Amino acid sequence: DTLRADHLSCYGYELETSPHIDSFAAGATLFEHNTTQCNSTFPSLTSILTGLFPKTHRNYLAVPIEGTAVVSASAPCLAERFQALEYWTVANISHPSWADADDTATVLRGWDDASFLGEDVPFLERVALATADHTNERLFPQLEHYRRLAGDEPLFLWAHYFDPHTDLPNVYDAPESTRNRWLRHHLERVGGAHYHDALAALPPSERPDWIEAEVESSLRNAVNLANGSALYDAEISSCDIGIGALFQHLKTLGLFDPALIVLMADHGENLESVEAGHGPLAFTHKQLYESVAHTPLVVKLPGQTSGRRVDALTQNIDLVPTLLQLLGLAADARLEGRSFASLLAGGDEEIHELVFIESSDYLDRAVKSRELKYVDRGEERDPLVFEWRTDSAEKHELSKT
């Protein structure tokens, strides 16, 4: 959840935030230019699990709270497809709000065993449990249950890790083990290293107020952004440790090597400064900049041990048609993604001329070609055009030059 690709070291990030994911990617296929379909969790996950654009499945709210889920999606949930093939289907969902979800939502259909974070815990207490460690505490017993009850059946597992999403208040509440790992690095970049010791001694929830009160005005915004970026990276690090523990557990159970494993994210996160005239973007996933749109996609085929990187454009809705092809099943004409199975087999062709993303508030829509990105921001704001390959930070807007 909320994992932008360019903060993983296997995607070229300067910090070693993700050694376990990096090791996984070294024996898998990494897609360098993958795009999500929406900047919010529920619509994006619905697109991943159905192969449909949000404009088709119509589930736009951030979470599927009771009475809000559109249940007439044009294609079934991926779990329903696997259940029909006599797979044992397991979901472990770590979003704090999903324990109250409408269980008729398309993404919640077809699971033999579904675990939700904190089903018997008040909401504010759930947020503190939304860590990779706690996800694994719930997940590993599910895997043991599968081995005891349905071990002769193939397994389809959806393991959803919530970090590095912000917690309440609007901060990244990284665990103490990784909390300050990258703080000095980010502060040094903005000339604020002398604030390190004071910030490092504070819990994340107290740091914004301290920065407001104690940091000189000329550095305040930069230090706030540096602290937030450091905590975001710290949450990636702690989540990476949890994912590494999952991979090790799968190896112990004899499930890792023969498995097809996909690592992907619902959307990224803005860590950059305020956009003039349009309110704060940092520490949110508002709007459709590459920090939000560019998400990781890493796929390990059964038995695969050598890695490769693919330069072609892909998008999250390509997952379902790819799995259908890999399983030798008939294509489903309702699906709006395209299979990238040929790329997994070593091909280098383009499967998309264009990929698409939209915002869950209906305000923004974007289209990306191999070189350009066009963002339609509605009638009241000018569109944006970027050369996203050479300007990944999207600092140079072309339509005004």
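### A word on the overall build of the chain
Within the chain, the secondary structure is distributed over 13 helices and 11 strands. A fraction of 67% describes how many contacts in the chain between residues 6 or more apart in sequence connect residues 24 or more apart. Counting every atom, the chain has about 17,100 Å² of accessible surface; 51% of that belongs to carbon and sulfur.

### Digging into the sheet that holds strand 7 (residues 308-315)
Strand order across the open sheet formed by four strands is 5-6-1-7, with mixed pairing between neighbours. Whereas interior strands pair on both sides, the edge strands pair on one side only; in this sheet they are strand 5 (261-264) and strand 7. If you compare each strand with its neighbour and ignore which way they point, the axes differ by 20 degrees on average. Where strand 1 (residues 29-35) lies against strand 6 (residues 297-300), two bridges are found, and the strand directions are antiparallel. When the sheet's bridge partners are listed, Leu30 is paired in strand 6 with Val298.

### Brief notes about the side chain of Asn227
Counting through the fold element by element, Asn227 comes out in helix 10 (residues 217-252). With a relative accessible area of 4%, Asn227 lands in the buried category. Sequence-distant contacts of Asn227, defined by excluding residues within four places in its chain, comprise Leu183, Arg207 and Ile211.

### Some words on the pattern of salt bridges
Under the counting rule described, the total for this entry stands at 19 salt bridges. Overlapping salt bridges, with partners in common, bring together Glu290, Lys368, Lys373 and Glu394 in one network.

### With respect to the packing of aromatic side chains
Applying the stated criterion across every chain yields a total of 15 aromatic pairs. Aromatic side chains Tyr172 and Phe283 sit 5.8 Å apart centroid to centroid with 90 degrees between the ring planes, which places their arrangement in the edge-to-face category. With Tyr172 in the loop between strand 4 (155-159) and helix 7 (183-189) and Phe283 in the loop between strand 5 and helix 11 (290-293), this pair connects stretches of sequence that are 111 residues apart. Judged by relative accessible area, which is 2%, Tyr172 ranks as buried. Exposure remark for Phe283: the relative accessible area of 12% places this residue in the buried category. Taken together, the aromatic side chains of Phe42, Phe82, Tyr87, Trp98, Trp111, Phe156 and Trp158 make up a single cluster linked through ring pairs. Between Lys300 and the ring centre of Phe256, over which it is positioned, the NZ or CZ distance is 5.2 Å.

### Considerations on the environment of Val355
Take Val355: it is sitting in strand 8 (residues 355-358). Overall, the relative accessible area of 1% leaves Val355 in the buried class. Distance from Val355 to Lys368, taken between C-alpha atoms, is 5.3 Å for residues 13 residues apart in sequence. If we skip the residues at most four places from it in the chain, Val355 touches Thr35, Leu313, Thr314, Gln315, Ala366, Val367 and Lys368.

### Considerations on the sheet that holds strand 2 (residues 88-93)
Reading across the sheet, the three strands line up as 3-2-4 and stay open at both edges, with parallel pairing between neighbours. The outermost strands of the open sheet, each flanked by one partner alone, are strand 3 (113-116) and strand 4. Averaged over all neighbouring strand pairs, the angle between strand axes comes to 5 degrees, with direction disregarded. Bridge analysis of strand 2 against strand 4 gives five bridges, and the strand direction is parallel. Directly across from Ala91, in strand 4, lies its bridge partner Trp158. Contacts between helix 6 (residues 132-150) and the sheet are confined to strand 2, strand 3 and strand 4, with strand 2 contributing the most and set at about 170 degrees to the helix.

### Describing the packing of helix 6 against helix 10
It is the contact of helix 6 with helix 10, at a shortest axis distance of 9 Å, that shows an interaxial angle of 15 degrees. Put simply, helix 6 runs roughly parallel to helix 10. In the crossing of helix 6 with helix 10, the sense of the turn from one axis to the other is right-handed. Touching Ala132, Asn136, Leu139, Phe140, Leu143 and Glu144 of helix 6 are Ser238, Cys239, Gly242, Ala245, Leu246, His249 and Leu250, all from helix 10. Looking at the contact of helix 6 with helix 10 residue by residue, the classes come out as eight nonpolar, four polar and one charged.

### Quick notes on unusual backbone geometry
Asp163 connects to Pro164 through a cis peptide bond whose omega is 20 degrees. Looking at the secondary structure, you find Pro164 in the loop between strand 4 and helix 7. Positive phi, normally seen in glycine, also occurs at Thr2, with a value near 65 degrees. Within the secondary structure, Thr2 is located in the segment before helix 1 (19-26). For Thr2, a relative accessible area of 0% translates into the label buried. Phi is positive for Glu86, close to 70 degrees, though the residue is something other than glycine. Mapped onto the elements of the fold, Glu86 is located in the loop between helix 4 (78-84) and strand 2.

### Brief notes about the nonpolar core
Ranked by internal contacts, the top residues of the largest apolar core, which has 42 residues, are Phe24, Leu250 and Val298. Broken down by secondary-structure element, the contributors of at least two residues to this core are helix 1, strand 2, helix 6, helix 10 and strand 5. At 10 residues, the largest contribution of residues to this core is made by helix 10. Aside from chain neighbours lying at most four places away, what touches Val298 is Tyr11, Phe24, Ala25, Ala28, Thr29, Leu30, Ile261, Val262 and Leu263.

Each value, and the rule that gives it
Residues numbered from 1 in each chain as written. Predicted model: local features only at pLDDT ≥ 70, side-chain atom pairs only at ≥ 80, totals over all residues. Heavy atoms only, no water. Helix = DSSP H or I, 4+ residues; strand = E, 2+ residues; numbered from the N terminus. Contact = heavy atoms within 4.5 Å. Areas by Shrake-Rupley, 256 points an atom, 1.4 Å probe, with all protein chains shown as cover. Pairing = 2+ DSSP bridges. Axes fitted to C-alpha atoms, helices over the stretch in contact; angles between N-to-C directions. Buried < 20%, exposed > 50% of the residue type's maximum accessible area, 1.4 Å probe, protein only. Salt bridge = Lys/Arg side-chain N within 4 Å of Asp/Glu carboxyl O. Phe/Tyr/Trp six-rings, centres within 6.5 Å; stacked < 30°, edge-to-face > 60°. Lys NZ or Arg CZ within 6 Å of the ring centre and 35° of its normal. Parallel < 35°, antiparallel > 145°, perpendicular 65-115°, else oblique. Left-handed = near helix turned anticlockwise from the far one by under 90°. Nonpolar A, V, L, I, M, F, W, Y, C, P; charged D, E, K, R; others polar. Core = buried A, V, L, I, M, F, W, Y, C linked by side-chain atoms within 4.5 Å.

Just distances and angles here, no functional claims.
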